[in-house]
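Single-letter residue listing:
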Amino acid sequence: MGRRLWSRIGCDCPLCGARVAGARLCGGCEADITALPRGRPRCPCCALRLPATASTCPACLGAPRAYVRTFAAFEYAPPADALIQMLKIRLRLSMGPVLARLLAAEVRRGGGLPADALLVPVPAGRASLRLRGMNPAGEIARSLAAELALPLARGALRRLRETPRQTSLGRRARQIGAMGLFAGAPQVRGRHVAVVDDVMTTGSTVQAAAIALLAAGAASVTILVAARTP
Ligand SMILES: [Zn+2]
Ligand SMILES: [Zn+2]
């Protein structure tokens, strides 16, 4: 391929700057960030890495989840957390397809989603929409729908009220703050819903989303996140 043509369609790996074809990580960076530290498997339900000696997840045993499963592409830790910050802080919309590709690969590795699954992004709060002019979860979900050839239902979750910035709150305060946060639309009735978000930290936001979707008649809820806080 001619140098000039290559320079027009080629992109740089967002983590190491190596030349790659299309909006994606280079093979080396992708392998580095998707490998689990010390090979420890994730909890299938909440995607936390299981403690070295445990076969079940203490967090899920202590607090039953409304969702059946969580897929997470990588840990929210250096160097991969930079990918999330490029989208959420530097507003690089080209990271939407990059993150969606990583997440789609994780879903396929884990056996995929039901054929009739409906992708639903977690809606952004008003303040965050004003700040960014876009919803990072919505950007990932849009590209993910194309990757997985599944329908996207943007309006299927509605935010009932605004929440204070969650980063300043502890786990318990987040859980209380997320209760009754969302309502599900009638279109989810009988559907297997896959909720898409950028980062899962305590899981209180996706738990609130799952409760709202089940209340609206969803058959099941699965969580898809680009990054999981370890
Ligand atoms: Zn790279
Ligand atoms: Zn768990």
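Anything mentioned here points back to the structure above.
A few points on the structure. Given the structure is predicted, the values throughout are model-derived calculations rather than measurements. (Residues numbered from 1 in each chain as written. Chains lettered and ligands numbered in written order. Predicted model: local features only at pLDDT ≥ 70, side-chain atom pairs only at ≥ 80, totals over all residues. Heavy atoms only, no water.)

1. Regarding the coordination of the zinc ion (ligand 2)
- At the metal site, the zinc ion (ligand 2) is ligated by Cys43 (SG), Cys46 (SG), Cys57 (SG) and Cys60 (SG), and these contacts range over 2.3 Å.
- Here the zinc ion (ligand 2) binds four donor atoms, and the angle range of 104 to 115° at the metal identifies the geometry as tetrahedral.
- The sequence pattern describing where the donors of the zinc ion (ligand 2) fall on their chain is C-x2-C-x10-C-x2-C. Linking Cys43 in the loop between α2 (27-34) and α3 (58-62) with Cys60 in helix α3, this pair joins segments that are 17 residues apart in sequence.
- Here Cys43 falls in the buried class, since its relative accessible area comes to 4%. (Donors = N, O, S within 2.8 Å, 3.2 Å for Na, K, Ca; no water. Tetrahedral: all angles 85-135°; square planar, octahedral: opposite > 155°, others 65-115°. Helix = DSSP H or I, 4+ residues; strand = E, 2+ residues; numbered from the N terminus. Buried < 20%, exposed > 50% of the residue type's maximum accessible area, 1.4 Å probe, protein only.)

2. Examining the pattern of salt bridges
- Taken as a whole and judged by the stated rule, the model has nine salt bridges.
- We note a salt bridge from Asp198 to Lys88, for which the minimum N-O separation is 3.2 Å. Taken together, the positions of Asp198 in strand β7 (residues 192-200) and Lys88 in helix α4 (residues 81-88) put the pair 110 residues apart, joining distant regions of the chain.
- Accessibility expressed as a relative area gives 7% for Asp198, which makes it buried.
- Several salt bridges converge on common partners, so that one network encompasses Arg42, Arg49 and Glu75. (Salt bridge = Lys/Arg side-chain N within 4 Å of Asp/Glu carboxyl O.)

3. With respect to the coordination of the zinc ion (ligand 1)
- The zinc ion (ligand 1) binds to the protein through Cys13 (SG), Cys16 (SG), Cys26 (SG) and Cys29 (SG), with metal-donor distances spanning 2.3 to 2.4 Å.
- Between the four donor atoms coordinating the zinc ion (ligand 1), the angles at the centre fall across 103 to 116°, so the site counts as tetrahedral.
- Each donor residue of the zinc ion (ligand 1) lies on the same chain, and together they follow the pattern C-x2-C-x9-C-x2-C. With Cys16 in the loop between β1 (10-12) and β2 (19-21) and Cys29 in helix α2, this pair connects stretches of sequence that are 13 residues apart.
- Its relative accessible area of 12% is what places Cys29 among the buried residues.

4. Some remarks on the sheet that holds strand β3 (residues 69-75)
- Pairing in this open sheet of four strands is parallel, and the strands run β3-β8-β7-β4 from one edge to the other. Edge positions in the sheet fall to β3 and β4 (118-121), since each has one partner strand and no second. Averaged over all adjacent pairs, the angle separating strand axes in this sheet is 20°, with direction ignored.
- Contacts from helix α5 (residues 95-109) reach β3 and β8 (220-228) within the one sheet, and its direction differs from that of β3 by about 130°. (Pairing = 2+ DSSP bridges. Axes fitted to C-alpha atoms, helices over the stretch in contact; angles between N-to-C directions. Contact = heavy atoms within 4.5 Å.)

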